[in-house]
Amino acid sequence: MPDVEIALAKTPLFDAHVALGGKMVPFAGFEMPVQYRLGALKEYTAVREGEAGIFDITHMGQVRVSGNDALAYLQYLTTNDVSKLVDGQVHYSALLNESGTFIDDITTYKISDNAYYLCINAANRHKDVAHLQAQAAGFDVSVVDESDNTTLLALQGAAAQAALQPLLDTDLESIGYYKFAQLRVNGVDGIVSRTGYTGEDGFEIYIPNAIAVNVWDALLQSGAVPIGLAARDMLRTEMGYALYGHEISDAVTPVEAKLMWITKLDKGDFIGKAAVETRRAEGPRQRLIAIKLVGRGIPREHYPVSVDGVLSGEITSGMHSPMAGGVALAYVQPGHAESGDLSVEIRGKQVAAERTTLPFVRSNVRR
Amino acid sequence: MTIPANLKYTKDHEWVRIDGDIATFGITDHAQEALGDIVFVELPDIDRELEAGEAYAVVESVKAVSDVYAPVAGVVVEVNEELEGEPEKVNTDAFGGGWIAKVKISGDGSLELMTDDQYNTFLEE
């Protein structure tokens, strides 16, 4: 086979990352910074210990859903109860297959009764958009993929609001947790939501590509610290938040992934509902547990997990937490979720572990 | 970072310092820089016999797990236990306090070793 060079996409902030010493790596089809000059640990610490970290997460996708049937359509396509959203509210949700397994996990923003905005995972963008468009037949909706025009920044950490407020007329104090405001930034539309995936207070900011560099630079001027993918994954994993391709995939349903809280079986029909009900009645095929190493080492993705010396499953996300030590999420056999001696195989050796509760470190989100 | 003249270097970016029949091993500043923040070091057992080129330790950064190879053959006589509590010493003092293990040289082999000048040239290539 001839060598195939896969062209990686660049976000509008590519040059800014390189100028800041960003170590660029392939990620979900983009060249993204895994860390900057500061290094992953100090970036992580900046976010956890009171600063504002700024993350380019433009690789994620955005889809605008509008039309008279927008609510009915999203009720049928997504797992959470969209009828409960008020204008200016966001919720975490998912797209399932008929088999009840995940196409993606998403966030749904309600702009008005006939207008919604979805944020989807980068690696699933084309699959999601194809699914959303195929299912639109029979509904009076328009489904528009705005990913290529949209820059998404996350600003996370205790100082996030102070860093962002000078750029905006909107009073950020008025935006509650999982709420958002529509903005005019330099005469163009955007969205700012009090959301994130770090366990700290902060915002996600959707803006047109044309002003990405200006907003990025202004936030750096406000003292925000650029944060790469490595620190982002540490912050995410410490909260026990699920990530597609790790805890969530087309091999598991919300019953396994502990995401029944976003799967509303009482809201009417939706794609995958029947399969989820069946799985719930039968019981999960595996259980997601939080574990902490007792022995020395770092539990990492795909390391085997045993219970009472018998192979039971594997780690889906694992890390060395500066605050909590070796911590991980793992799928194990259903009967092993609550009892039995746990161990993680690290380079051929069984290292003792114990069950723990999430989050691994304290969450500071503003409830 | 200056590359010390009293050490020898491998193409895998390990260093070795030979004092009589004892060899001290570590990884170079270039290696730690490429790995990023080191958060765990798995040290070899004392008395373990190492062949030249054998993976004898593991350094783990936030994102990566990397084997470390023995520049010369020998028997492990001492390990840097400080790295169990302060693995970041490999980052901050790669050629000094970040040493990993000492072996008694067995004379059973050696990787191709470079002088500081040769290693410098190797890095520039």
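Here the structure is a predicted model, which is why all the values come from computation and not from measurement.

Engineer: Any chance you could explain the domain arrangement of chain A here in plain terms?
Structural biologist: Residues and elements named next belong to chain A. Each domain of chain A was delimited in the assignment, giving domain 1 (14-58 + 149-239) and domain 2 (286-356). Computed over C-alpha atoms only, the centres of domain 1 and domain 2 are separated by 32 Å. On the domain 2 side, the residues contacting the five residues of domain 1 number five residues. For the side of domain 1 that touches domain 2, the secondary-structure elements that each account for two or more residues are α2 (40-48) and α7 (229-239). It is α7 that provides the largest number of residues to the side of domain 1 that touches domain 2, a total of three residues. Class assignment for the residues of the side of domain 1 that touches domain 2 results in three nonpolar, one polar and one charged.

Engineer: Is there a simple way to think about the environment of A:Leu259 in this case?
Structural biologist: Residues and elements named next belong to chain A. Summarising the element assignment, Leu259 is placed in the loop between α7 and α8 (273-282). When the 23 C-beta atoms within 10 Å are taken as the criterion, Leu259 is described as buried. Residues within four places of Leu259 in sequence aside, it is in contact with Ala94, Ala242 and Pro254.

Engineer: Whenever I open this one, the sheet that holds strand β8 (residues 142-145) of chain A confuses me. Can you help?
Structural biologist: Pairing between sheet strands relies on hydrogen bonds along the backbone, with the strands arranged either parallel or antiparallel. Residues and elements named next belong to chain A. The five strands are arranged β5-β6-β7-β4-β8 in an open sheet whose pairing can be described as antiparallel. The sheet is open, and its two edges are formed by β5 (89-96) and β8, each paired on a single side. Within the sheet, the average angular offset between the axes of one strand and its neighbour, ignoring direction, is 25°. Inspection of the sheet shows strand β4 (residues 61-66) paired to strand β7 (residues 115-120) by six bridges, in the antiparallel sense. If you follow Val65 over to β7, its bridge partner there is Tyr116. Its contacts with the sheet put helix α3 (residues 70-77) on β4, β5, β6 (102-112) and β7, and the angle it makes with β4 is roughly 130°.

Engineer: For this particular structure, what's the right way to read the packing of α2(A) against α7(A)?
Structural biologist: To characterise two packed helices, one gives the angle between the axes of the helices and the distance between these axes. Residues and elements named next belong to chain A. The interhelical angle for the contact between α2 and α7, taken along N-to-C directions, is 50°, at an axis separation of 8 Å. Relative to α7, α2 is oriented oblique. As for the relative orientation of α2 and α7, their crossing is right-handed in sense. On α7, the residues that touch Ala40, Glu43, Tyr44 and Val47 of α2 are Ala230, Ala231, Met234 and Leu235. The residue makeup of the contact of α2 with α7, split by class, is seven nonpolar, no polar and one charged.

Engineer: Where do I start with the environment of A:Gln89 in this structure?
Structural biologist: Residue and element names in this part refer to chain A. Turning to its location among the elements, Gln89 is positioned in strand β5. For the pair formed by Gln89 and Ile111, sequence separation is 22 residues and the distance between their alpha carbons is 7.8 Å. Discounting residues that sit within four places of it in the chain, Gln89 has contacts with Lys110, Tyr178 and Lys179.

The rules behind the values
The residue numbers shown here count from 1 along each chain, following its written sequence. To label them, take the chains in the order written and letter them from A, then take the ligands in the order written and number them from 1. A pLDDT threshold of at least 70 governs which residues receive local features in this predicted model, and a stricter bar of 80 or more applies before side-chain atom pairs are shown or counted, although totals over entire chains, interfaces and linings include all residues. What counts as a domain boundary in this text is fixed by an automatic or database domain assignment. Here contacts are defined at the residue level, using C-beta atoms placed from the backbone and a cut-off of 7 Å between them. Under the scheme used here, helices are H or I runs from DSSP no shorter than 4 residues and strands are E runs no shorter than 2 residues, and both carry numbers assigned from the N terminus. Basically, the charged four are Asp, Glu, Lys and Arg, the nonpolar ten are Ala, Val, Leu, Ile, Met, Phe, Trp, Tyr, Cys and Pro, and anything else, Gly included, counts as polar. Burial in this document is a count-based property: other C-beta atoms within 10 Å of a residue's C-beta are tallied, and the residue is buried at 20 or more, exposed at 12 or fewer, or partly exposed in between, with C-beta positions derived from the backbone. Any two strands between which DSSP finds at least two bridges are classified as paired. Comment: axis = line fitted to C-alpha atoms, over the contacting stretch for helices; angle = value between 0 and 180 degrees taken between N-to-C directions. Each angle receives one of four descriptions, namely roughly parallel if under 35 degrees, roughly antiparallel if over 145, roughly perpendicular if within 65 to 115, and oblique otherwise. Throughout, a crossing is termed right-handed when the near helix is turned clockwise from the far one, and left-handed when it is turned anticlockwise from it by less than a right angle.

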